[in-house]
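Chain residues, written in single-letter form:
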Amino acid sequence: MNKRRIAMVCTTALLVGCGSASMEEQINELYDRMSQEERIAQLRSGYMDEFFDEQGVLDTAKCRQLIPNGIGHFSQYASQKPTDPEVLRDRVAAMQDWLIHNTPNGIPALFHEEVLSGVNTRGATIYPQQIGQACSFNPELAELKTQQTGTDMRKMGGVLSLSPMVDVCRTPSFNRLEESYGEDGYLSAVMGVAFAKGLQQGDLRKGVGTCSKHYLGYGGGGDAEEKEMMEEILMPHEAMIRLAGSKVVMPGYHAVHGTNCVANSEILQEILRDYVGFDGMVVSDYTAIDQIPGLDNVVQKAAAAINGGNDVDFPRGSNYMHLQEAIDQGLVKPETLERAVKNVLRHKFRAGLFDKEPFLYAEGKITLDSPEERKTAYDIATQSVVLLENNGILPLKEAKNILVTGPNANSMWAMCGDYSFPAMSYFWKKVTDDLEHPHIVKLLEGMKERKPEDVSIMYSRGCDWTEEIETKYAVEGDERAWEYEILHRKVDSGEKADKQEALKMAAECDVIVAAMGENVMLCGENRDRQGLRLPGKQEQFVEDLIKTGKPVVLVLFGGRAQVISGLAEKCAAVIQAWYPGEEGGNAVADILYGKVAPSAKLSVSYPNTEINEPICYNYSANKDPRIQWPFGYGLSYTSFEYKNLKIDNEASTTGMCVNLSFDVKNTGEMAADEIAQVYLSPSDSTQQIRPIQLKGFARVSLKPGQTKKVKVRLYTEQFGFYSHQGQRQWNILPGTFVVGVGASSADIRLQEKVTIKGDLVTKPLREFYFSETFVE
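Residues numbered from 1 in each chain as written. Predicted model: local features only at pLDDT ≥ 70, side-chain atom pairs only at ≥ 80, totals over all residues. Heavy atoms only, no water.

### Looking at the pairing of strand β27 (residues 747–757)
Consideration 1: Where strand β19 (residues 650–652) and β27 come together, three bridges link them in parallel fashion. Bridging from a neighbouring strand, A651 pairs with I756 of β27.
Consideration 2: Here nine bridges tie strand β26 (residues 735–744) to β27, and the two strands are oriented antiparallel to one another. Paired with V739 across the two strands is E752, which belongs to β27.
Consideration 3: The hairpin formed by β26 and β27 contains two residues between the paired strands. (Pairing = 2+ DSSP bridges. Helix = DSSP H or I, 4+ residues; strand = E, 2+ residues; numbered from the N terminus.)

Structure below.
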């Protein structure tokens, strides 16, 4: 069946991609053949399921009525309904076949989906949320994850993702912080590039295209000074585009310099295309064009967006369907429409949709959530969990009777972050039943399944997430969520929370594991709450557990750092588990039992008080009294010694790099990984670089007593800075710098000075964004 379908799509309409003409010549030729209606249709999107009847058969009459001139895209095609992957593939095949054979130029559509923590569809692997994955400092594992994701999605007909989010998020209270890689531009760029390399697989004809979002400065950076914006906040987008070949950008909902990003020519044209050199497609966030302020109607909004540099109107094209009116009124020039349409066509050429034998979907059986994928999810989870405090209680070697309690102890919502299929179904579709596909290992299950034979596990929920609805209604982000009914609700656990029962069990146990934190309604897009201390009466419940005199291990789940000052100090240990995905219960249990040593390091500065403004470790070399645990911090079950730092003491501004090396030794009794971090600082305040800035890192696996040498190649361009005096440029100035090596941004173990000599060197853009590390 599928072989026949693949053969069917190799029609004359698709052979445009098979001749000797260049891609640009073919794009021009195709554009010239298209009617104006066809052109505008390429800038619009829709929902695939609306074209199928209740029996799952394509309604060709509806297709002829609604998309006679084709359609450019299909929005979130895999997540609208719980659908078997092969059924999903067959629907994509039917739709592509109809478009190819029944529209004027037979142009296939781009099917897109969210893939932040795996393909957003029923049954697909749910990997840890990005904020946790960033704490692994492991781009190789990040690349493996998205390679698996891209392979699955392409089989099901998906060609484009609307991921990853690479916003450098520096406001701790930001409700979408969980989707980001944290506060550091360098780390976010490394992880974003890994995401793109894995998903795209080096070839858009077989991989899935990435989309860097939410350009530029979403999550607390939109008001940043130009230097910070261009050096750090732009860096993940820039690196994905220039190093990994990412060809799609999504502007954010916010404004930069007073203009909404989706209509902002400064960031979309001057910076993105003219400066960075981006030659891809710009797509709006869902309903973002609708939200352009100060304009009277959809015609003006469509004109503002396309004139500003935005190519495609998601999710339906409800504004761009009026582009012809905008052109007729002189609001949009024909060449502006041409630019946008050709950017869409160019992406389709790059994705191989016009090839003689295009890879539009896979034949045969499609299996999701393979054992290999579950293993990757587990490996990422174990490397994402951060040990914040430990008085020696962990690992749990002596305890024989363990009480597991708290609202997140036996809940899938402790594991699934926003933009996973269960979370999207619950929040957007209000679906509350039958969401656990694939199987999601809860903490209680993991504690029971992974425990030593002589350990007994007791369980009582003890308290709920909240007693009252804490989710705040706000008119922000995707306007589809601006409904009271969507936001005004709280998660029903289906379990009784009996505080007295839990306290009685606490009196009988040796140690208490208290699983607290957020859930799908307390964190995520359009979801906010009153503050960052633990929701509801969770804090009081933990206090009552502490009063029993039994040691309490506090395990926090959620999408951002939660303020626990005054409480953490009373606990025997504190773990930040984030949203650790489908294998999260096993991963956290193995860390608690000591089967795996914790190795993750914080990708954010962890506050001890409510902070609703941007903060970052690199703002100052001095300790910020509002921070409880610094960026890069994380404890282990062993100890590490750093020694023998050797470095090139001099280099030239015209030279390529500075080489350094150092040793890391495991001085404890357990095998573990250490994340060694390299930071750069100025030697005096006149130098135009941050007081401290991450410039490299290495994950070093060490057995007890073992020593390994880490070699680092710091590129000279990494000592440089951005300026804009007449023209935008990157500068490398002579001067003396301090290179530090340590276990966190606040724990520098070794440091040496490096002098860069020579004349000022300028270039338009950096060529070397990351250092190179080698572990011997």
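Having seen it, we continue.
### Some thoughts on the sheet that holds strand β3 (residues 110–113)
Consideration 1: In spatial order, the strands read β1-β2-β3-β4; together these four strands make up an open sheet with parallel pairing. Each end of this open sheet is capped by a strand with a single partner; those strands are β1 (45–46) and β4 (160–161).
Consideration 2: With two bridges connecting them, β3 and β4 associate as parallel partners. Each residue of the ladder has a partner; that of H112, found in β4, is L160.

### A short note on the side chain of T336
Consideration 1: Position of T336 among the secondary structure elements: in helix α14 (residues 334–350).
Consideration 2: Classification of T336 as buried rests on a relative accessible area of 14%.
Consideration 3: Ignoring anything within four residues of it in the chain, the contact list for T336 reads I306 and N307. (Buried < 20%, exposed > 50% of the residue type's maximum accessible area, 1.4 Å probe, protein only. Contact = heavy atoms within 4.5 Å.)

### Quick notes on the environment of A514
Consideration 1: Here A514 is to be found in strand β13 (residues 511–517).
Consideration 2: Judged by its relative accessible area of 0%, A514 falls in the buried class.
Consideration 3: A C-alpha to C-alpha distance of 33 Å links A514 and T149, two positions 365 residues apart in sequence.
Consideration 4: When residues no more than four places from it in sequence are discounted, the contact partners of A514 are T405, L545, V552, V553, L554 and V555.

### With respect to the packing of helix α2 (residues 23–33) against α14
Consideration 1: At a minimum axis distance of 10 Å, the contact between α2 and α14 shows a crossing angle of 125°. As the angle between them shows, α2 and α14 are arranged oblique. α2 and α14 meet at a crossing whose hand is right-handed. For the pair α2 and α14, the contacting residues are M23, E24, Q26, I27, N28, L30 and Y31 in the first and P334, L337, E338, V341, K342, L345, R346, F349 and R350 in the second.
Consideration 2: In terms of residue class, the contact of α2 with α14 is built from nine nonpolar, two polar and five charged. (Axes fitted to C-alpha atoms, helices over the stretch in contact; angles between N-to-C directions. Parallel < 35°, antiparallel > 145°, perpendicular 65-115°, else oblique. Left-handed = near helix turned anticlockwise from the far one by under 90°. Nonpolar A, V, L, I, M, F, W, Y, C, P; charged D, E, K, R; others polar.)

### Structural notes on the pattern of salt bridges
Consideration 1: With the rule as written, the count across this model stands at 52 salt bridges.
Consideration 2: Residues E525 and R176 are paired through a salt bridge, measuring 3.2 Å at the closest nitrogen-oxygen approach. Here R176 lies in the loop between β4 and α8 (185–200) and E525 lies in the loop between β13 and α20 (538–547), a separation of 349 residues in the sequence.
Consideration 3: For R176, a relative accessible area of 1% corresponds to the buried category.
Consideration 4: Two residues, R690 and E228, come together in a salt bridge whose shortest N-O distance is 3.6 Å. You can see R690 sitting in the loop between β21 (672–682) and β22 (693–702) and its partner E228 sitting in helix α9 (residues 226–233), a full 462 residues away along the chain. An identical accessibility class is assigned to R690 and E228; each is buried.
Consideration 5: Salt bridges sharing common partners tie together R170, E228, E232 and R690. (Salt bridge = Lys/Arg side-chain N within 4 Å of Asp/Glu carboxyl O.)

### Description of the environment of N105
Consideration 1: Here N105 is to be found in the loop between α5 (85–102) and β3.
Consideration 2: Judged by relative accessible area, N105 falls into the buried class, the value being 9%.
Consideration 3: Taking C-alpha positions, N105 is 8.1 Å from L30, a pair spaced 75 residues apart along the chain.
Consideration 4: Here the side chain of N105 touches E38 through a polar contact of 3.0 Å, side chain to side chain. (Polar contact = N/O pair within 3.5 Å; in protein donor to acceptor, adjacent residues only side chain to side chain.)

### Details of unusual backbone geometry
Consideration 1: For the bond from S163 to P164, the omega torsion is 5°, close enough to zero to count as cis.
Consideration 2: The step from H437 to P438 runs through a cis peptide bond, and the omega angle for that step is 5°.
Consideration 3: Mapped onto the secondary structure, P438 falls in the loop between α16 (421–429) and α17 (443–449).
Consideration 4: The backbone of Q201 shows a phi angle near 55°, a positive value even though the residue is not glycine.
Consideration 5: Its relative accessible area of 22% is what places Q201 among the partly exposed residues.
Consideration 6: Phi is positive for D369, close to 55°, though the residue is something other than glycine.

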